[in-house]
Amino acid sequence: MEVINGELLKPAGEEKLGIKVTESNGVVDKEIIKTRYGNENLSSSAHFSPSSNSNVNQDDPAGDTTKPEDIIAVTPKINGYRQTIQPDFHLPKPEAPPGLSPSPPSQPYENGDAVARSKSLSESFTAVDMPSIGKFIKERSNSLSERISKRFSSLKFDDGDDDYMNNKVKSFDSGVTEFKISGLKVVVMLKSNDEEEQIKGRVSFFSRSNCRDCTAVRSFFREIGLKFVEINIDVYRQREKELIERTGSSQVPQIFFNDKLFGGLVALNSLRNSGGFEERLKEMLGKKCSGDAPAPPVYGFDDHEEESTDDMIGIVKVLRQRLPIQDRLMKMKIVKNCFAGREMVEVLIHHFDCGRKKAVEIGKQVARKHFIHHVFGENDFEDGNHYYRFLEHEPFIPKCYNFRGSTNDSEPKPAVVVGQRLNKIMSAILESYASDDRRHVDYAGISKSEEFRRYVNLVQDLHRVDLLKLSQDEKLAFFLNLHNAMIIHAVIRVGCPEGAIERRSFSSNFQYIVGGSSFSLNTITNGILRSNRRSPYSLVKPFGTGDKRLEVALPKVNPLIHFGLCIGTRSSPTVRFFTSQGIEAELRCAAREFFQRSGMEVDLEKRTVYLTRIIKWFSGDFGQEKEILRCIINYLDATKAGLLTHLLGDGGPVNIVYQDYDWSINS
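Because the structure is predicted, anything quoted here is derived from the model rather than measured.

### Some thoughts on the nonpolar core
Part 1 of the argument: Formed by 107 residues in total, the largest nonpolar core has its most connected members in Tyr455, Leu467, Phe479, Leu482 and Leu611.
Part 2 of the argument: Formed by 22 residues, the second largest nonpolar core is a distinct cluster that contains Leu319, Met344, Val360 and Ile372.

### Topic: the side chain of glutamine 254
Part 1 of the argument: In this structure, glutamine 254 sits in strand S14 (residues 254-257).
Part 2 of the argument: Within polar-contact distance, the side chain of glutamine 254 engages the backbone oxygen of glutamine 251 at 3.5 Å.
Part 3 of the argument: Residues in contact with glutamine 254, not counting those within four places in the same chain, are Ser204, Phe205, Phe206, Leu243, Thr247, Leu261, Gly263 and Gly264.

### Quick look at the sheet that holds strand S12 (residues 203-207)
Part 1 of the argument: The strand order S13-S12-S14-S15 describes an open sheet built from four strands, whose pairing is mixed. Each end of this open sheet is capped by a strand with a single partner; those strands are strand S13 (229-232) and strand S15 (260-263). The mean angle between the axes of side-by-side strands here comes to 25°, regardless of whether they run parallel or antiparallel.
Part 2 of the argument: In terms of strand pairing, S12 meets S13 through four bridges, oriented parallel. Along S13, the bridge assignment pairs phenylalanine 206 with isoleucine 231.

### Things to note about the pattern of salt bridges
Part 1 of the argument: Counted by the stated rule, this structure contains 28 salt bridges.
Part 2 of the argument: Put simply, arginine 239 and glutamate 242 hold a salt bridge, and the shortest N to O gap is 2.6 Å. With arginine 239 and glutamate 242 both in helix H5 (residues 239-247), this residue pair falls three residues apart, about one helical turn. We note that arginine 239, like glutamate 242, is buried.
Part 3 of the argument: Overlapping salt bridges, with partners in common, bring together Asp310, Asp311, Lys369, Glu411 and Arg464 in one network.

### As for the sheet that holds strand S22 (residues 600-603)
Part 1 of the argument: One open sheet holds the three strands; their spatial order is S22-S23-S24, and the pairing between them is mixed. The sheet terminates laterally at S22 and strand S24 (655-658), the two strands that pair on one side only. Taken pair by pair, the neighbouring strands of this sheet meet at an average axis angle of 20°, ignoring direction.
Part 2 of the argument: Two elements, S22 and strand S23 (residues 608-611), share four bridges in a ladder whose sense is antiparallel. Across the sheet, the residue bridging to methionine 600 is leucine 611, located in S23.
Part 3 of the argument: Across the face of the sheet, helix H17 (residues 583-599) comes into contact with S22 and S23 while running at roughly 50° to S22.
Part 4 of the argument: Where helix H20 (residues 625-632) meets the sheet, it contacts S22, S23 and S24, and its direction lies at approximately 80° from that of S23.

### Considering the confidence of the model for the chain
Detailed conclusions should not be drawn from predicted coordinates in areas where pLDDT is low.
Part 1 of the argument: Confidence in the prediction of the chain, expressed as mean pLDDT, is 79, and 70% of residues score 70 or more.
Part 2 of the argument: For the stretch residues 1-84, pLDDT sits under 50, and the model shows 138 contacts to residues farther than four places along the chain or on other chains.
Part 3 of the argument: Contacts from residues 99-131, a stretch scored under 50 in pLDDT, to residues over four places away or in other chains number 54 contacts.

### What to know about the environment of asparagine 457
Part 1 of the argument: Structurally, the position occupied by asparagine 457 is in helix H13 (residues 450-458).
Part 2 of the argument: Judged by relative accessible area, which is 22%, asparagine 457 ranks as partly exposed.
Part 3 of the argument: In sequence terms asparagine 457 and asparagine 402 are 55 residues apart; their C-alpha atoms lie 8.2 Å from each other.
Part 4 of the argument: In this structure, asparagine 457 is in contact with Asp302 and Arg404, ignoring residues within four places of it in sequence.

### Regarding unusual backbone geometry
Part 1 of the argument: Cis peptide bonds are those with omega within 30 degrees of zero, and the linkage from valine 252 to proline 253 qualifies with 0°.
Part 2 of the argument: Its place among the elements puts proline 253 in the loop between H5 and S14.
Part 3 of the argument: Backbone geometry places asparagine 258, a non-glycine residue, at a positive phi of 55°.
Part 4 of the argument: Topologically, asparagine 258 is positioned in the loop between S14 and S15.
Part 5 of the argument: Backbone geometry at methionine 332 places phi at a positive 60°, although glycine is not the residue there.
Part 6 of the argument: As for its placement among the helices and strands, methionine 332 is situated in the loop between strand S16 (326-330) and strand S17 (333-340).

### Thoughts on the side chain of glutamine 511
Part 1 of the argument: With respect to the secondary-structure elements, glutamine 511 resides in strand S20 (residues 511-514).
Part 2 of the argument: Exposure remark for glutamine 511: the relative accessible area of 10% places this residue in the buried category.
Part 3 of the argument: Within polar-contact distance, the side chain of glutamine 511 engages the backbone oxygen of serine 508 at 3.1 Å.
Part 4 of the argument: Once residues within four sequence positions are removed from consideration, glutamine 511 is found in contact with Phe396, Lys399, Cys400, Tyr401, Asn402, Met486, Ser518, Phe519 and Ser520.

### A short note on helix H7 (residues 277-284)
Part 1 of the argument: Regarding H7, the residues found buried are Phe277, Leu281 and Met284. Buried residues of H7 fall within an arc of 75° about the axis and therefore sit on the same side. Those residues of H7 that are exposed and angled more than 90 degrees off the buried face are Glu278, Glu279 and Glu283.

### Description of helix H15 (residues 500-509)
Part 1 of the argument: Considered for burial, the residues of H15 that qualify are Arg503, Phe506 and Ser507. The buried residues of H15 occupy an angular sector of 95° when the element is viewed end-on, so they sit on one face.

### Describing the packing of aromatic side chains
Part 1 of the argument: Summed over the entire model, instances satisfying the criterion amount to 23 aromatic pairs.
Part 2 of the argument: Aromatic side chains phenylalanine 478 and phenylalanine 479 sit 5.1 Å apart centroid to centroid with 80° between the ring planes, which places their arrangement in the edge-to-face category. Per residue, the accessibility class of phenylalanine 478 equals that of phenylalanine 479, and both read buried.
Part 3 of the argument: Among the aromatic residues, those joined into a cluster by ring pairs are Phe205, Phe220, Phe221, Phe228, Phe257, Phe262 and Phe277.

Criteria and cut-off values
- Every chain is numbered on its own, with residues counted from 1 as its sequence reads.
- Side-chain atom pairs in this predicted model are given and counted only at pLDDT of 80 or more, local residue features only at pLDDT of at least 70, and totals for whole chains, interfaces and linings cover all residues.
- The side-chain values count all of the structure's non-hydrogen atoms but skip hydrogen atoms and water molecules.
- Residues grouped as a nonpolar core are buried Ala, Val, Leu, Ile, Met, Phe, Trp, Tyr and Cys residues, joined through side-chain atoms within 4.5 Å.
- Each residue is placed in one exposure class: buried if its accessible area under a 1.4 Å probe, protein chains only, is under 20% of its type's maximum, exposed if it is over 50%, and partly exposed if it falls in between.
- Each helix is a run of H or I in the DSSP string that is no shorter than four residues. Each strand is a run of E no shorter than two, and both are numbered from the N terminus.
- Pairs of N or O atoms within 3.5 Å make up the polar contacts considered here, provided that, within protein, one atom can donate a hydrogen while the other can accept it, and that residues adjacent in sequence are counted only when both atoms are side-chain atoms.
- Throughout, a residue-residue contact means that at least one pair of heavy atoms, one from each residue, lies within 4.5 Å.
- Note on pairing: two strands pair once DSSP finds at least 2 bridges between them.
- The axes are straight lines fitted to the C-alpha atoms, using for helices just the contacting stretch, and the angles between their N-to-C directions are given from 0 to 180°.
- Salt bridges, as used here, are contacts in which a Lys or Arg side-chain nitrogen is within 4 Å of a carboxyl oxygen on Asp or Glu.
- A residue's pLDDT is simply how confident the predictor is in it, with values from 0 to 100.
- This arc describes the spread of directions from the helix axis toward the C-beta atoms.
- Any pair of Phe, Tyr and Trp rings, taking the six-membered ring for Trp, is counted once the centres come within 6.5 Å. Such a pair is stacked with planes under 30 degrees apart, edge-to-face with planes over 60 apart, and tilted for the rest.

As structure tokens, then:
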């Protein structure tokens, strides 16, 4: 005899008994299974006497009253492998092997009586049903699920064990509960029950871009962690009418708790200082928001604005249909998608029944509105074998990210108006998706926002604006704002390259159509704002002789522009937008902020001044090094200004070291 895993094994050739049990209407039937090791099962009918150790009586099947606990399951071995014969499902399950989840000691019947686990014929031997691999994995999975459920239950309902909660719960103040379970990490976001019960309504407030009072309200709500809906009437311009209807004026900020007007910053500060803000908030937001409250802005819906149709659009449509547009060979170059001036004159004469002189004048008007351009920029429009192409056929069009399949054929808005709208909408974006100091920008959040979607629609108005009507200050603010807005758009669309070499192609390839011409980040910085000067490490100027864009370039360089131009890196100035009325003061403020932050450091012992590398790159705009140091004293705080003044005044040598530039993105 040999015992393995609690089972009695007999020598080869001997028989082993097992019992198959079925039940019908309370009568237990049993079948003896005779197994010879190495052979197939042979079965025959059998019964047991009421006694747990009775012999098998094959002559009296009706007299059997064997109890369930007297039954055992025996595992035969066939072809060298142990096979499991499952007991009837009415019987309790056997205990699991050590290390697995144990079964309950007893299971109740429907009437409440407990059924004990089946006992073996001998106290010395126990037959165990060994689980298969699949059963093992399933039981482990069930055990793990049960442990997770218990842990969730303990977190939700257990209030008594403070030490346990202190050890297991992390970052409770931030509303995140974190715990670990044997290789599995679960993070649960817990909501405040008080907030769910008390704050059921909605806080809304009307605002404008670049409004100090609105900034104060926004900062206070963020500081206390209160969710709010901001309705910027510079972005959602049609909501200004709603504001006037609700409050009687267009003054902002105006705060609403559900549909009730709370007031502006003065009312907020008064209630806040009295200590009754939280109580008033709970009182007014204790119920769900009604339909009379200000509606949150909806993504994808534009304000309905009446666009005036250009008076030349009828003529342009005829020309687009009638002109023979094809590729031609000119000056040893293949010029694509062009037509001759005489061909356009003939179409105008034939279709509009006018003289040749009148047709030429119409052609000049079409060209001045930037519907067509000379292929080499030699003239506006002339009769004869001069070749022109439509704006949408220009070779730079594929690189222009404000072109969406067709040009804007509406009557061009004044450039100063488009620039003001650009300033307001981009300022609203920064107020919502940038840090308070503007050093970090949430580009992912911007890309999904309604404000940015409206900005992408707005820049299509730049296609045919008249830039020549801008004054010098308007032009300076317009192109500074356009550059900084394009940087945000470029980072979202193509990413931010890290390194000076990659940055050169980035600055040249990302372009907009503005006033009928292409403007890249490079041409705006060096061609317009720097009066057509070469960029660092470049041998050519942005605009060649005869380039129409030279008419827009500023006549002289203001070196402070370098502290207002953000290029999306950590070492560049912070992103900001300017107004034409206060552009000089705003540039001085930008320079002061840049030098006070990290653009300049003084080491008195080493007699060394550490300057931003931007000054080295554009040294031609700043002058000699000593002149630069004297100039930047006006933009330093008292401490740095005193140290630098001491170095420059004692007659000793002053070393200038340029700081390393951090090209990583300012996100």
